[in-house]
Amino acid sequence: MSGLSVAAPGDRDIVLTRAFAAAPSRVFAAWTRPALLTRWYGARGWHLVECEIDLRVGGAYRFVSEGPGGDRMTQRGTYRVVDPPHRLLHTERFDDQSYPGDTLISHEFRAEGAGTVLTTVIRYATPLGRERALSYPMERGLGEGFERLDALL
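In this text, all values refer to a predicted model and were calculated from it rather than measured experimentally. (Residues numbered from 1 in each chain as written. Predicted model: local features only at pLDDT ≥ 70, side-chain atom pairs only at ≥ 80, totals over all residues. Heavy atoms only, no water.)

J.: I tried to follow the pattern of salt bridges on my own but got confused; where do I start?
T.: Side chains that differ in charge, positive against negative, can pair when their charged atoms come close. For the coordinates displayed, the defined rule picks out 14 salt bridges. Here arginine 123 makes a salt bridge to aspartate 13, at a shortest N to O gap of 2.7 Å. Taken as a pair, arginine 123 in strand 8 (residues 115-123) and aspartate 13 in strand 2 (residues 13-20) lie far apart in primary sequence, 110 residues in all. In this structure, arginine 87 engages glutamate 108 in a salt bridge whose closest nitrogen and oxygen atoms are separated by 2.8 Å. Of this pair, arginine 87 sits in strand 6 (residues 87-94) while glutamate 108 sits in strand 7 (residues 103-112), and the two are 21 residues apart along the sequence. Among the charged side chains, a salt-bridge network with shared partners connects Glu50, Glu52, Arg62, Glu66 and Arg72. (Salt bridge = Lys/Arg side-chain N within 4 Å of Asp/Glu carboxyl O. Helix = DSSP H or I, 4+ residues; strand = E, 2+ residues; numbered from the N terminus.)

Rendered as structure tokens:
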């Protein structure tokens, strides 16, 4: 429906905004149901090969992605807010993380017309964490995953 917008306000946040041509309940489900996440999550060439979700406040998640050449990447965290289909708030940490601390991620699913505007705020534990994350091809990878999500929806 619409391209990814990326902003970096302050010294620890990255804000992502993306519109989807589907109701908030469908977009929320695509973010929280393993059977759907495994169909779209990740950059081109990367696929979610393990996806565990305990969708409740205090519940944990664990994602294992596999990329070209069999490289694997594991991320995990704990849900702090679960308010379907409006909001998710969770922590995130990668097993091989190159920056300090847990990242706090908030997803807001706002109805707009027949679609949804997703706003994600990623708050890094330190300015160094955000700086390091911005040095990766994050925008390209997220954009590719969101294109796959668009096709799924």
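J.: How should I be thinking about the side chain of glutamate 144 in this particular structure?
T.: The residue glutamate 144 is located in helix 4 (residues 138-152) in this model. With residues near it in sequence (within four places) discarded, glutamate 144 still touches Gly42, Ala43 and Arg44. (Contact = heavy atoms within 4.5 Å.)

J.: It is not clear to me how the pairing of strand 4 (residues 60-66) should be interpreted in this structure. Could you clarify?
T.: Taken residue by residue, a regular strand's side chains alternate between the two faces of the sheet. Examined bridge by bridge, strand 3 (residues 47-53) and strand 4 share 6 bridges and lie antiparallel to one another. Note that in strand 4 the partner of isoleucine 53 across the bridge is tyrosine 61. Direction of pairing for strand 4 relative to strand 5 (residues 72-83): antiparallel, over a ladder of 7 bridges. Residue serine 65 lies in a different strand from strand 5, and its bridge partner there is methionine 73. Linking two consecutive strands that pair antiparallel, namely strand 4 and strand 5, is a turn of 5 residues; a positive phi of about 75° is found at glycine 69 within it. (Pairing = 2+ DSSP bridges.)

J.: Any chance you could explain the sheet that holds strand 8 here in plain terms?
T.: Sheets are built from strands paired through backbone hydrogen bonds, the pairs being either parallel or antiparallel. Taken in spatial order, the 8 strands line up as 1-2-8-7-6-5-4-3 in an open sheet, and their pairing is antiparallel. Single-partner strands in this sheet number two, and they are strand 1 (5-7) and strand 3. Across the sheet, the mean angle from the axis of one strand to that of its neighbour is 20°, orientation sign disregarded. Where strand 2 and strand 8 come together, 8 bridges link them in antiparallel fashion. Among the inter-strand pairings, alanine 19 is bridged to a residue of strand 8, identified as valine 117. (Axes fitted to C-alpha atoms, helices over the stretch in contact; angles between N-to-C directions.)

J.: I keep staring at the environment of phenylalanine 28 and nothing clicks. Help me out?
T.: Inspection of the secondary structure assignment puts phenylalanine 28 in helix 1 (residues 24-32). In sequence terms phenylalanine 28 and glutamate 147 are 119 residues apart; their C-alpha atoms lie 16 Å from each other. Phenylalanine 28 has contacts with Leu55, Asp83, Pro84, Pro85, His86, Arg87, Leu88 and Phe109, leaving out every residue within four places of it along the chain.

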